[in-house]
Amino acid sequence: MEQQQLNYDVVVVGKGNAALCAALAARDQGARVAILEAASEDESGGNSRFAGGVMRFAFHNLDELRRVIDITPQEEAEADFGTNTTDEFYDDLFRLTKFKTDPELSELLVTGSLDIMVWLRSKGVRFIANYGRQSALVNGKRRFFGRMPVEVSGGGSGLVEFLDKAAQKAGIDIHYATPARSLVTDGERVVGVRATQRGKPMVFNARSVVLACGGFEANPEMRTRYLGPGWELAKVRGSRFNQGAGIRMALDIGAASHGNWSGAHATGWDLNAPPYGDLTVGDQFQKHSYIFGLLVNADGKRFVDEGLDFHSFTYAKYGGEVLKQPGQFAWQVFDSKVTKLLRSEYRIKMMTKVSANTLEELATKLEGVNPEQFLKTVREYNAGVRDDIPFEHTVKDGKRTEGVEPPKSNWAQKLDSPPFDAYATTCGITFTFGGLRIDPANGQVLDTTHQHIPGLYCAGEMVGGLFYFNYPSGTGLVSGAVFGKLAGENAGRAAVA
Ligand SMILES: Cc1cc2nc3c(=O)[nH]c(=O)nc-3n(C[C@H](O)[C@H](O)[C@H](O)COP(=O)(O)OP(=O)(O)OC[C@H]3O[C@@H](n4cnc5c(N)ncnc54)[C@H](O)[C@@H]3O)c2cc1C
């Protein structure tokens, strides 16, 4: 049977944020561009479509922020947007990755982050101030915290929609339900992609190929192999299509691996959420307000410092801590003092939640938890809380415990004001950290001897080397755009040269 062949200058594999940015940038170079997306149109858009849509970029003042969002004079008077200087962005990235982040990749990310937001805006993406998730009224002034005052209008699905419109306008062909299977080489360079479309094999010939088809987070076999035993039991927060196919295709032709292959971004996620993300719920199965409560495991014990830092700087590693607990679950417990501080995801219908008027009653309702030990844990914790330090939720307030193991370093208030609410969580994996080694100069994939693989580029989650152990929230979409544009621009330029 003769295979159908289609010819393009640039073929981009995937249709998430990184792929769409790569496709648009390649098109801007005058290349004829195709996108191959494994999912149907309904399910397309990858993890990007599930994302909350917060974006972390460097800005030093309001004038720089104004390049990304409109700020009215009234907003300027009433809000303190803070800053995220390049130094602050570097500090967060270095501290969280224990200084392992690839210096060249992180420099590109941090120094290119403002310009990429402006570029996205020029492509029709609309950004707004992140009032809902990352700000609070303090003494009559709205204060943004966590160094991330901007989100995409409509969240991650809004972002994909804006970029999709731009791609259609630019005349980029999108082939849905067309999973890429392998790379075509002529012995020297990559010259295309083998894919299937409705079960039929096809070849997409191209002068340059950009792989932007996600990590291996949705593949239990690869998770177990690389992240370790137990990771097959995690739920997947986003797309079921990110099976590591792109990484494997590239390794098969000699690409170099790079980064933290045993590491992943994983968060607390509703215990009874479906195995993969649900686009109607988006990111709302997450439970990120644990900083104001206690996390207890099946033994009735605490196991992390819930108040170590703002959730932005701990949530991506605490999912993995939950996975290590007996039964792979943890209850988040709060009293009524903090109910009003809980994020919107604590008010959805699809949640595993129990409430009680006494701690003793709550102990009987925490399914799977040793009730006596739970009560002992709370007594010991309450006794350790420093009453003399005031609680202030918009800063790291230093209100901590003493003599309690593990400590709670900030926002430690006694659990003593009924009613009590508790939410059952497990580990939800977001994306994997390990990936391919690219040349930071042009986004081209390197082989195991660190030579360029001619014709092959990569972007997004597939780029290894940026994140180790942990991750500052809002960085995935920005890095996808920075490296997507870099790869697309160079792939396009090389294809039309
Ligand atoms: C619930 C959730 C909330 C998040 N919130 C945020 C946030 O607020 N801010 C932030 O910055 N980041 C957030 N992230 C992380 C962010 O979404 C990702 O880092 C980013 O979207 C990855 O972009 P990508 O383009 O590399 O991958 P994806 O967007 O996952 O795109 C990969 C694409 O490749 C396709 N594909 C896979 N295999 C193949 C194949 N063989 N052939 C063809 N196509 C294939 C997939 O269908 C998909 O379209 C969140 C993630 C999740 C899951």
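Residues numbered from 1 in each chain as written. Predicted model: local features only at pLDDT ≥ 70, side-chain atom pairs only at ≥ 80, totals over all residues. Heavy atoms only, no water.

It is worth spelling out the nonpolar core at this point. Membership of the largest hydrophobic core comes to 135 residues, with the highest contact counts inside it found for F127 and F483. Non-local contacts of F483, meaning those with residues more than four positions away in its chain, are made with L105, L108, L109, I438, C458, A459, G460, V463 and L466. V333, A356, L359 and L375 belong to the second largest nonpolar core, which has 23 residues in total. (Core = buried A, V, L, I, M, F, W, Y, C linked by side-chain atoms within 4.5 Å. Buried < 20%, exposed > 50% of the residue type's maximum accessible area, 1.4 Å probe, protein only. Contact = heavy atoms within 4.5 Å.)

Here the focus is the packing of helix α1 (residues 17-28) against helix α8 (residues 155-169). With their axes 10 Å apart at the nearest point, α1 and α8 run at an angle of 25 degrees to one another. As the angle between them shows, α1 and α8 are arranged roughly parallel. Seen from above, α1 lies across α8 with left-handed handedness. Of α8, the residues touching α1 (which contributes N17, L20, C21 and L24) are L159, V160, L163, D164, A166 and A167. Here the residues of the contact of α1 with α8 are counted per class, giving eight nonpolar, one polar and one charged. (Axes fitted to C-alpha atoms, helices over the stretch in contact; angles between N-to-C directions. Helix = DSSP H or I, 4+ residues; strand = E, 2+ residues; numbered from the N terminus. Parallel < 35°, antiparallel > 145°, perpendicular 65-115°, else oblique. Left-handed = near helix turned anticlockwise from the far one by under 90°. Nonpolar A, V, L, I, M, F, W, Y, C, P; charged D, E, K, R; others polar.)

Moving on, we come to α8. The end-to-end C-alpha separation of α8 is 21 Å, in line with the 21 Å expected for 15 residues at 1.5 Å each. Every buried residue of α8 is accounted for by G155, G156, G158, L159, V160, L163, D164, A166 and A167. Against α1, α2 (46-50), α6 (103-122), β8 (150-152), β9 (173-175) and α14 (475-496) lie the buried residues of α8. Looking one or two places after α8, you find G171, whose phi comes out positive at around 80 degrees. (Expected span 1.5 Å × (residues − 1).)

Read across the sheet, seven strands follow the order β9-β3-β2-β13-β24-β23-β22 without closing on themselves; strand pairing throughout is mixed. With partners counted over all chains shown, the strands left at the sheet margins are β9 and β22 (438-439), one partner each. The pairing of strand β2 (residues 10-13) with strand β13 (residues 208-211) spans four bridges and is parallel. Counterpart to V12 in the pairing with β13 is V210. (Pairing = 2+ DSSP bridges.)

Before going further, it helps to examine the pattern of salt bridges. Within the structure shown, the criterion is met by 27 salt bridges. D70 serves as the salt-bridge partner of R121, at 2.9 Å between the closest nitrogen and oxygen. Of this pair, R121 sits in helix α6 while D70 sits in the loop between α3 (62-66) and α4 (73-78), placing them 51 residues apart in sequence. On the basis of relative accessible area, D70 is assigned to the exposed category, the value being 63%. (Salt bridge = Lys/Arg side-chain N within 4 Å of Asp/Glu carboxyl O.)

Turning our eyes to something else, we now look at the site of the ligand. For the ligand, the set of nearby residues contains 39 residues, the closest of which are E37, N47, S48, N242 and L477. Take V54: an N or O atom from its main chain is 2.9 Å from a nitrogen atom of the ligand. Within the side chain of N242, an N or O atom sits 2.7 Å from an oxygen atom of the ligand. Surface burial for the ligand is 97%, taken as the share of its 1,000 Å² of free accessible area covered by protein chains. At the level of elements, α1, α2, β20 (420-432) and α14 are the ones that each hand at least two residues to the shell around the ligand. A per-element tally of the shell around the ligand places α2 first, with four residues. (Near = heavy atom within 4 Å. Polar contact = N/O pair within 3.5 Å; in protein donor to acceptor, adjacent residues only side chain to side chain. Areas by Shrake-Rupley, 256 points an atom, 1.4 Å probe, with all protein chains shown as cover.)

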